[in-house]
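In case you want the letters, here they are:
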Amino acid sequence: MGKVIVITSGKGGVGKTTTTANIGTGLAALGQKVCLVDTDIGLRNLDVVMGLENRIVYDLLHVVEGQCRLRQALIKDKQFGDRLVLLPAPQTREKDAVTPEQMKELMKELREEYDFVLLDSPAGIEHGFKNAVAGADHAIVVTTPEIAAVRDADRIIGLLEAAELYDPQLIINRVRPGMVRRGDMMSIGDIDDILAIEILGVVPDDQDIIVSTNRGEPVVTNPKSRAGQAYRNIARRLLGEEVPLMNLEERKVMHWFKRLLSGEAQ
Amino acid sequence: MFEFLSKLFGGFEGSKNRAKERLRLVLVHDRASLSPGLVEALKEELIEVITKYMEIDEEGLEVNFDKSDDSVALIANIPVKSVKRGMGEAPGGKRQSKGRGQQGGKKR
């Protein structure tokens, strides 16, 4: 029986979809069978982040309405084949076309087959959020070190508890160590003080994310990327491994020293 | 470089402290806004507990949040009809409510 995890945030644009794609791909790279489900009806994006947008025939709605079999709608990943599949969201229909009960049924079916089912939740706290949360047994909250994102994360944590999803875990995305050092960005500790939930991972702000999204290849498969490393760590933690949080600060200093020593002026 | 120097000499106050302070306040307010359903549940449990000790006017019971700029208080107005005789000893069975929505924000 697999785990069903919803990835949510409240605020839009903090990196839910990127996080879902990278954790899923990271888990598949560790040998897990993973299914990604895009629940953002009408505004699907997980397909483009995964680079699978041209292969969509059926979607979530076709499945719950019985217009196709589940297997027909699942799109195999380019690299990992049937170890990593995507169930895309419908792009054209009304937002309330799918019900929480249908989602629960679908999750029951998926967790039989896969080790991890990751649900990419839409922004907001309305119907789409409720759908995404309905069949999940665990939640990951994504935030960035910004006041609006942390506030919404706090609200979402409350709503998750109300939906009986206790002990959500936090991913702090787009951390900029330089700004934290200058005191112009909240640190991991600051956010931990405020939200007080377990931190699953810290992802540095990284241009590689944009490059990899442009290509439709999750950054987790890029061995040189720091954000990729952060996502690889998160995937390992989800499998129960103890991996210390990345020390963003130290690496930066080391990097600077290396540049200094190699006489690289920049 | 100028920024760095001005910070060095003008104290280390970064903008994140402003963010933290504002966030703390806004969360006190956010977390204190309970849904009507929760307030009803709170009322019922309050009545249940208080009637162990005294007779109260259940209709007249009022529960509200009082929000000022930097704090939130739970104000309950409970009209007492009579106090039961012989309530020197407290009855057993403590109960604590759990959950984020029900706490009046984090303590400072």
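Note that the structure is a prediction, hence the values are computed from the model and not measured.

Student: Looking at this structure, how should I read the overall build of chain A?
Tutor: When helices and strands are tallied, chain A shows 12 helices and 8 strands. Residues classed as buried in chain A amount to 53% of the 266 residues present. When the accessible surface of chain A is split by element, carbon and sulfur atoms take 47% of a total near 12400 Å².

Student: Before we go on, may I ask you to explain the nonpolar core in this structure?
Tutor: The nonpolar side chains of a soluble globular protein tend to be buried with one another. Membership of the largest hydrophobic core comes to 85 residues, with the highest contact counts inside it found for Ile23, Val37, Leu87, Leu106, Met107 and Leu110 of chain A. Discounting residues that sit within four places of it in the chain, Met107 of chain A has contacts with Val4, Val37, Val117, Leu119 and Gly135 of chain A. In this structure, Ile47, Ile50, Ile56 and Val63 of chain B belong to the second largest nonpolar core, which totals 5 residues.

Student: Is there a simple way to explain the pattern of salt bridges in this structure?
Tutor: When their charged atoms lie close together, side chains carrying opposite charge are able to pair. Residues and elements named next belong to chain A. Scanning the model with the defined rule gives 13 salt bridges over all chains in all. As a salt-bridge pair, Lys108 and Glu105 come within 3.2 Å of each other at their nearest N and O atoms. Highlighted residues: Lys108 and Glu105, both in helix H5 (residues 100-113), separated by 3 residues, approximately one helical turn. For Glu105, a relative accessible area of 46% corresponds to the partly exposed category. Arg236 is the salt-bridge partner of Glu241, the closest N and O atoms lying 2.7 Å from each other.

Student: Where do I start with the sheet that holds strand E6 (residues 138-143) of chain A in this structure?
Tutor: To summarise the sheet geometry, strands pair through backbone hydrogen bonds and adopt either a parallel or an antiparallel arrangement. Residue and element names in this part refer to chain A. Across the sheet, which stays open at both edges, the 8 strands sit in the order E3-E4-E2-E5-E1-E6-E7-E8 with mixed pairing between neighbours. Each edge of the open sheet is held by one strand with a lone partner, namely strand E3 (75-77) and strand E8 (199-204). Neighbouring strand axes in the sheet, compared pairwise and without regard to direction, differ in orientation by 25 degrees on average. For E6 and strand E7 (residues 169-175), the ladder comprises 4 bridges, and the chain directions are parallel. Counterpart to Val141 in the pairing with E7 is Leu170. Here H5 sits on the sheet and contacts strand E1 (3-8), strand E2 (34-38), strand E4 (81-87) and strand E5 (116-120); the angle it forms with E5, its principal contact strand, is near 145 degrees. Packing of helix H9 (residues 188-195) onto the sheet brings it into contact with E7 and E8, and relative to E7 it is tilted by some 145 degrees.

Student: Is there a simple way to explain the packing of aromatic side chains in this structure?
Tutor: What describes a pair of aromatic rings is the distance from one ring centre to the other and the angle between the planes of the rings. Scanning the model with the defined rule gives 0 aromatic pairs over all chains in all. Between Lys33 of chain A and the ring centre of Tyr114 of chain A, over which it is positioned, the NZ or CZ distance is 5.0 Å.

Student: In this structure, what is going on with the environment of Val141 of chain A? I would like to understand it.
Tutor: With respect to the helices and strands, Val141 of chain A occurs in strand E6. Look at Val141 of chain A and you get buried, because its relative accessible area is 0%.

Student: Can you help me understand the side chain of Thr19 of chain A in this one?
Tutor: Following the sequence through the fold, Thr19 of chain A ends up in helix H1 (residues 16-29). When sequence neighbours within four positions are dropped, the list of residues in contact with Thr19 of chain A reads Ile7, Val142, Ile171, Asn173 and Tyr231 of chain A.

Student: Got a minute to help me understand unusual backbone geometry in this structure?
Tutor: Located in the positive-phi region is Glu164 of chain A, a residue other than glycine, with phi close to 60 degrees. With respect to the secondary-structure elements, Glu164 of chain A resides in the loop between helix H7 (147-162) and E7.

Student: Teacher, can you tell me more about the interface of chain A and chain B here?
Tutor: In many reports, interface size means the accessible area that the parts give up when they come together. Contact residues are listed per partner, giving 19 residues for chain A and 16 residues for chain B. A buried area of about 1600 Å², summed over both sides, lies between chain A and chain B, and 51% of it is on carbon and sulfur atoms. The largest per-residue losses of area from chain A upon contact with chain B belong to Ile147, Arg151 and Ile194 of chain A, which jointly make up 33% of the total buried on that side. Here chain A is connected to chain B by 5 salt bridges. Residues Asp30 of chain B and Arg151 of chain A are paired through a salt bridge, measuring 2.6 Å at the closest nitrogen-oxygen approach. Summed over the shared surface of chain A and chain B, the number is 8 residue pairs in polar contact (both at pLDDT 80 or more).

Student: Would you explain the packing of H7 of chain A against helix H2 (residues 15-32) of chain B in this entry?
Tutor: Two measures define how a pair of helices packs: the angle their axes make with one another and the distance between the axes. One way to put it is that H7 of chain A packs onto H2 of chain B with a least axis distance of 10 Å and a crossing angle of 30 degrees. As the angle between them shows, H7 of chain A and H2 of chain B are arranged roughly parallel. The two elements H7 of chain A and H2 of chain B cross, and the hand of that crossing is right-handed. Of H2 of chain B, the residues touching H7 of chain A (which contributes Ile147, Val150, Arg151 and Asp154 of chain A) are Ala19, Arg22, Leu23, Val26, Leu27, Asp30 and Arg31 of chain B. Residue composition of the contact of H7 of chain A with H2 of chain B, grouped by class: 6 nonpolar, no polar and 5 charged.

Student: Looking at this structure, how should I read the environment of Asp57 of chain B?
Tutor: Relative to the helices and strands, Asp57 of chain B resides in the loop between strand E1 (54-56) and strand E2 (62-67). Excluding residues within four positions of it along the chain, Asp57 of chain B makes contact with Pro79 and Lys81 of chain B.

About the criteria used
- Residues numbered from 1 in each chain as written.
- Chains lettered and ligands numbered in written order.
- Predicted model: local features only at pLDDT ≥ 70, side-chain atom pairs only at ≥ 80, totals over all residues.
- Heavy atoms only, no water.
- Helix = DSSP H or I, 4+ residues; strand = E, 2+ residues; numbered from the N terminus.
- Buried < 20%, exposed > 50% of the residue type's maximum accessible area, 1.4 Å probe, protein only.
- Areas by Shrake-Rupley, 256 points an atom, 1.4 Å probe, with all protein chains shown as cover.
- Core = buried A, V, L, I, M, F, W, Y, C linked by side-chain atoms within 4.5 Å.
- Contact = heavy atoms within 4.5 Å.
- Salt bridge = Lys/Arg side-chain N within 4 Å of Asp/Glu carboxyl O.
- Pairing = 2+ DSSP bridges.
- Axes fitted to C-alpha atoms, helices over the stretch in contact; angles between N-to-C directions.
- Phe/Tyr/Trp six-rings, centres within 6.5 Å; stacked < 30°, edge-to-face > 60°.
- Lys NZ or Arg CZ within 6 Å of the ring centre and 35° of its normal.
- Buried area = accessible area lost by both parts, 1.4 Å probe.
- Polar contact = N/O pair within 3.5 Å; in protein donor to acceptor, adjacent residues only side chain to side chain.
- Parallel < 35°, antiparallel > 145°, perpendicular 65-115°, else oblique.
- Left-handed = near helix turned anticlockwise from the far one by under 90°.
- Nonpolar A, V, L, I, M, F, W, Y, C, P; charged D, E, K, R; others polar.

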